[in-house]
Amino acid sequence: MLLSNLNNKVLQNLRRYIFILFIILLSACNISPVLNDTVLSMKEVKGIGELITAEYYGEVISSFSLVSKAKLDTSLNEAYILVQTSYRQVDTVINNRYAPQINNYKEKIAKLETKKTNAWRRSRISELKENLKDFESKINRKKIKQFKSDQSQQVKSALQLLTKATGANKRTLLKHMLDNTLEYKDIHEKYKNKINDLRIKLADNKELVYIGRGSVKAGYNLEELDSFNIFYSPKRDTMYLLDFDPIITDLDINPYFYYPEDVDSSNKLDEYDTTLLYGFQLIYSSQEKDVTLQDINNVKSECKRKLYQEALDRNIYQNAQRNAEEALSGLFGLLSSEGDREIKEVIISHSKYFSYQVDYLYDKKIDKDEFNEIKGIVTADKDSLDEIAFKYQTLKYQLKYLDKFMLDLYKQTQRSNNVSEWDSLCSNYFYDRKIALPN
Amino acid sequence: MKYLILLLSSTILLSCSKPQDKTFIVTKIRSASKLATTEVILNKIVWTDIKGRRIHGLFKKNNILMFNTEATLKLGVNLKKLNENDIMVFGDSIVITLPKVEILNFSYPHEKYEQLYPISNFDIIKSNDKVKKLDMVFREAETDIRNKVKFLNLETITEQKTRQFLTKFLAQSNYNNVVIKFKQ
């Protein structure tokens, strides 16, 4: 009896423990997604000739709120420019229409002011000034009325966005836009708290913070070398590679981050001879269920943009050039050691457009000032040879580099928030030069 | 009560994900001298079921994630491993013994993950760890690609492309007979 009771008790406890263990295992088991096995197919194999001479391994951080802030700022800036352009057109038309009446008032006032002053004249001048002020207010009202009736849906939406973001009324905003000394950034400064509130509201409490670890590699495309830009000086045993620009060969943040362990020595250089970390590592998130694929991609792209900027800040191009000169001196030295000419040194020089290109592509978008500069370069170099930058060369040779400059700028700023005229400048340029627009 | 404490503490302990124990110490520019002669573009369909978190996930309908992804590999030789004895010149003929070909760059960019609508729609998944799971999926996919690459015989293709490139390149330096060998 006693034994049976004891057994029952033990069994009861055992059942309890098994049940608890089951619950623990079930709740602790974080079900990871299992990748279904699929094939790896080779889509394309092509021959290239890239000499990679500098590598940067780095770590950056970016977040959804930073990206959405930048995105909202860009949208507001664009909206401001759109409304401003449209309103200024209306302003010019109305001003021209009523210019005779305004001039008439001003002439009358000026005439009276030049004469000897007396009580009647003083009262007449103030009366005229009052009338002019009324007339100008009437014109301003007309401008707004005209603007409202003329505005396209696009302008209407832009103005709505601006009023929603700033909380300012339309009249105040439009008045601001006519002032040549003021820009969007002044509006932004004045209403930054309101704009920030809108950003938080739009973000819908979502947040994603990613650390991105990856690499930027730079070097030269050896396929670009031809007899036109290779010069040999027998006197100095030196080979000159002219107008030979370095390129970013790779910019990667992969799911996993492989980097060489011995960052200070050059013994282990294999891709697989590495230490493993996450490439993109999510370090904080909130409201994940509302996050879209686009949100994730935007944050990841921002990480890549920052990594690229870091590599530029650490002079990756200068390093690539120095290392390429060293590597090619060694290679050509070995190749020429038993020939009739000896190459002891290789000197590389950039084309005229290289430094402009690096500068313009730093933020991967073309702004107003950059646009005007590029327009100036294209206008000057499309039809006449720059004999200082391209000494002893032809216009055809210069155009080859100008085409490359424009193509690179276009390709790398596609789908960025560029100044609105940028696309039409590119289209016109490629049309004139009979170059197919790259996808 | 003791069962409840035991349950909670075990849950917390077991569900903590293992942190990465390695740290990345140095960010700097490294010098390199690598000649990439072959670019290979690979396609992989990434397909998985993403479930809700823990217990309630077991009872939830599965959500399929399906992406067409693309990886780009650059292969070539590391010129730093080349030394004087590897090059022999006889008049206009040259014999070069290059180091073994290797993968110089592996790129699996998020820009090349194309979601296959409408079978897969990440945005409608209402799970509070879906981003983590998505990243996990692509990490697994990268490992899978890296594991399968060795079966693609890329070494032979790269050796052939390297020969083609160097023969053309050296012809500019008046070498008419170019023999390229590779170290084993």
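None of the values given here were measured: they were computed from a predicted structure.

Parameters at a glance
- Residues numbered from 1 in each chain as written.
- Chains lettered and ligands numbered in written order.
- Predicted model: local features only at pLDDT ≥ 70, side-chain atom pairs only at ≥ 80, totals over all residues.
- Helix = DSSP H or I, 4+ residues; strand = E, 2+ residues; numbered from the N terminus.
- Buried ≥ 20, exposed ≤ 12 C-beta atoms within 10 Å, placed from the backbone.
- Contact = placed C-beta atoms within 7 Å.
- Rg over C-alpha atoms; globule rule 2.2 N^0.38 Å.
- Domains from an automatic or database assignment.
- Expected span 1.5 Å × (residues − 1).
- Arc of directions from axis to C-beta.
- Pairing = 2+ DSSP bridges.
- Axes fitted to C-alpha atoms, helices over the stretch in contact; angles between N-to-C directions.
- Parallel < 35°, antiparallel > 145°, perpendicular 65-115°, else oblique.
- Nonpolar A, V, L, I, M, F, W, Y, C, P; charged D, E, K, R; others polar.
- pLDDT = per-residue confidence, 0-100.
- Core = buried A, V, L, I, M, F, W, Y, C linked by C-beta atoms within 7 Å.

Novice: Hey, could you run me through the overall build of chain B in this one?
Specialist: Within chain B, the secondary structure is distributed over four helices and seven strands. Going from the N terminus to the C terminus, chain B shows its helices and strands as α-β-α-β-β-β-β-β-α-α-β. Evaluated residue by residue, chain B yields a buried proportion of 34% over its 184 residues. For chain B, contacts bridging at least 24 residues in sequence account for 78% of all contacts bridging at least 6.

Novice: Which parts of the structure should I look at to understand the overall build of chain A?
Specialist: A count of helical and extended segments in chain A gives 13 helices and nine strands. Taken over C-alpha atoms, the radius of gyration comes to 34 Å for chain A, far larger than the 22 Å a tight globule of 439 residues would show. Taking the principal axes of the C-alpha coordinates as reference, chain A spans close to 120 × 105 × 35 Å. Looking at chain A as a whole, 25% of its 439 residues qualify as buried. Here the analysis covers contacts within chain A between residues at least 6 apart in sequence; of these, 77% occur between residues at least 24 apart.

Novice: Is there a simple way to explain the environment of Met66 of chain B in this structure?
Specialist: Residues and elements named next belong to chain B. Its place among the elements puts Met66 in strand β2 (residues 63-78). Take Met66: there are 18 C-beta atoms within 10 Å of it, and that puts it in the partly exposed class. When the C-alpha atoms of Met66 and Tyr117 are compared, they prove to be 8.3 Å apart, with 51 residues separating the residues in sequence. Dropping the residues within four chain positions of it, Met66 is found in contact with Ile45, Trp47, Leu116, Ile119 and Ser120.

Novice: Looking at this model, I keep getting lost on the domain arrangement of chain A. Mind explaining?
Specialist: The figure often quoted for interface size is the accessible area lost as the parts come together. You can read the domains of chain A as domain 1 (68-202) and domain 2 (352-439). Measuring from the centre of the C-alpha atoms in domain 1 of chain A to the corresponding centre in domain 2 of chain A gives 36 Å.

Novice: Would you take a moment to explain unusual backbone geometry for this structure?
Specialist: Peptide bonds are, in most cases, trans, and in most cases residues other than glycine have a negative phi. Put simply, Tyr117 of chain B and Pro118 of chain B share a cis peptide bond, and its omega is -5 degrees. In this fold, Pro118 of chain B is placed in the loop between β6 (113-115) and α3 (130-149). The backbone of Lys364 of chain A sits at a positive phi, close to 60 degrees, despite the residue not being glycine. The residue Lys364 of chain A is located in the loop between α10 (354-360) and α11 (368-383) in this model. Its 18 C-beta neighbours within 10 Å are what place Lys364 of chain A among the partly exposed residues.

Novice: Whenever I open this one, helix α4 (residues 153-166) of chain A confuses me. Can you help?
Specialist: One turn of the α-helix equals 3.6 residues, which is why residues spaced by three or four share an orientation. Residue and element names in this part refer to chain A. In a regular helix each residue adds 1.5 Å, so 14 residues correspond to 20 Å; α4 covers 20 Å between its end C-alpha atoms and thus fits that length. Listed in full, the buried residues belonging to α4 are Ala158, Leu159, Leu162, Ala165 and Thr166. The arc that holds the buried residues of α4, viewed along the axis, is 130 degrees, so those residues lie on one side. Against the buried residues of α4 lie α2 (64-114), α5 (170-178), α6 (184-190) and α7 (192-203).

Novice: Help me out: how do you make sense of the sheet that holds strand β7 (residues 177-182) of chain B in this one?
Specialist: Remark on secondary structure: sheet strands pair via backbone hydrogen bonds, oriented parallel or antiparallel. Residue and element names in this part refer to chain B. Spatially, the three strands line up as an open sheet ordered β3-β4-β7, and their pairing is mixed. Edge positions in the open sheet fall to β3 (87-90) and β7, since each of these has one partner strand only. Strand-to-strand, the axes of this sheet are offset by a mean angle of 10 degrees, without reference to chain direction. Pairing between strand β4 (residues 93-98) and β7: six bridges, direction parallel. Directly across from Ile94, in β7, lies its bridge partner Val178. Running at roughly 150 degrees to β7, helix α4 (residues 154-171) makes contact with β4 and β7 of the sheet.

Novice: Just to check I follow, could you spell out the packing of α2 of chain A against helix α3 (residues 119-150) of chain A for this structure?
Specialist: Angle between the axes and distance between the axes: these two values describe a pair of packed helices. Residue and element names in this part refer to chain A. α3 packs onto α2 with a crossing angle of 175 degrees between their chain directions and a minimal axis gap of 10 Å. In terms of orientation, α2 and α3 fall into the roughly antiparallel class. Its residues placed into classes, the contact of α2 with α3 shows 14 nonpolar, three polar and nine charged.

Novice: Would you explain the pairing of strand β1 (residues 28-50) of chain B in this entry?
Specialist: Remember that side chains alternate between the two faces of the sheet whenever the strand is regular. Taken together, the 14 bridges between strand β1 (residues 40-63) of chain A and β1 of chain B define a ladder with antiparallel strand orientation. Residue pairing across strands places Ile52 of chain A opposite Lys34 of chain B, the latter belonging to β1 of chain B. Here β1 of chain B runs beside β2 of chain B; their pairing, made up of 16 bridges, is antiparallel. Within β2 of chain B, the residue paired with Ile45 of chain B across the bridge is Asn68 of chain B.

Novice: Sorry, what's going on with the confidence of the model for chain A here?
Specialist: Residues and elements named next belong to chain A. Residues with a pLDDT of 70 or more make up 91% of chain A, whose mean pLDDT is 86. For chain A, per-element mean pLDDT is lowest for helix α1 (residues 2-28), which scores 66, and highest for strand β5 (residues 247-252), which scores 96. Ignoring residues within four places in sequence, the model shows residues 262-274, a span with pLDDT below 50, making 23 contacts including any to other chains.

Novice: Would you mind showing me how to read the environment of Lys375 of chain A here?
Specialist: Along the chain, the position of Lys375 of chain A falls in helix α11. Given 14 C-beta atoms within a 10 Å radius, Lys375 of chain A is considered partly exposed.

Novice: Just to check I follow, could you spell out the nonpolar core for this structure?
Specialist: For soluble globular proteins, the rule of thumb is that nonpolar side chains tend to be buried together. Counting residues in hydrophobic clusters, the biggest one holds 76 residues, and the most contacted among them are Val216 and Ile316 of chain A together with Leu75 of chain B. Those residues in contact with Ile316 of chain A that sit more than four places away from it in its chain are Ala54, Tyr56, Val216, Ala218 and Ala311 of chain A together with Ile29 of chain B.

Novice: Any chance you could explain the pairing of strand β4 (residues 238-241) of chain A here in plain terms?
Specialist: All names here are of chain A. Taken together, the four bridges between strand β3 (residues 230-233) and β4 define a ladder with antiparallel strand orientation. Looking at β4, one finds that Tyr232 is bridged to Met239. What sits between the antiparallel neighbours β3 and β4 is a turn of four residues, in which Asp237 has the positive phi angle 50 degrees. Where β4 lies against strand β9 (residues 345-348), four bridges are found, and the strand directions are parallel. Residue pairing across strands places Tyr240 opposite Ile347, the latter belonging to β9.

Novice: I would appreciate a short explanation of the sheet that holds β9 of chain A in the present structure.
Specialist: All names here are of chain A. Strand order in the open sheet made by the three strands is β3-β4-β9, with mixed pairing throughout. Only two strands of the sheet have a single partner each, and these edge strands are β3 and β9. Direction aside, the axes of adjacent strands within the sheet are offset by 20 degrees on average. Contacts from helix α9 (residues 316-336) reach β4 and β9 within the one sheet, and its direction differs from that of β9 by about 145 degrees.

Novice: Explain the confidence of the model for chain B here, please?
Specialist: Caution is warranted with low-pLDDT regions, since their predicted coordinates should not be read in detail. Residues and elements named next belong to chain B. Looking at chain B, pLDDT values average 82 and 79% of them are 70 or higher. Of all secondary-structure elements in chain B, the lowest mean pLDDT belongs to helix α1 (residues 2-15), at 49, while β6 reaches the highest, 96. A low-confidence stretch, residues 10-22 (pLDDT under 50), is modelled with 13 contacts involving residues beyond four sequence positions or located in other chains. Scored as a complex, the prediction yields pTM 0.80 and ipTM 0.85.

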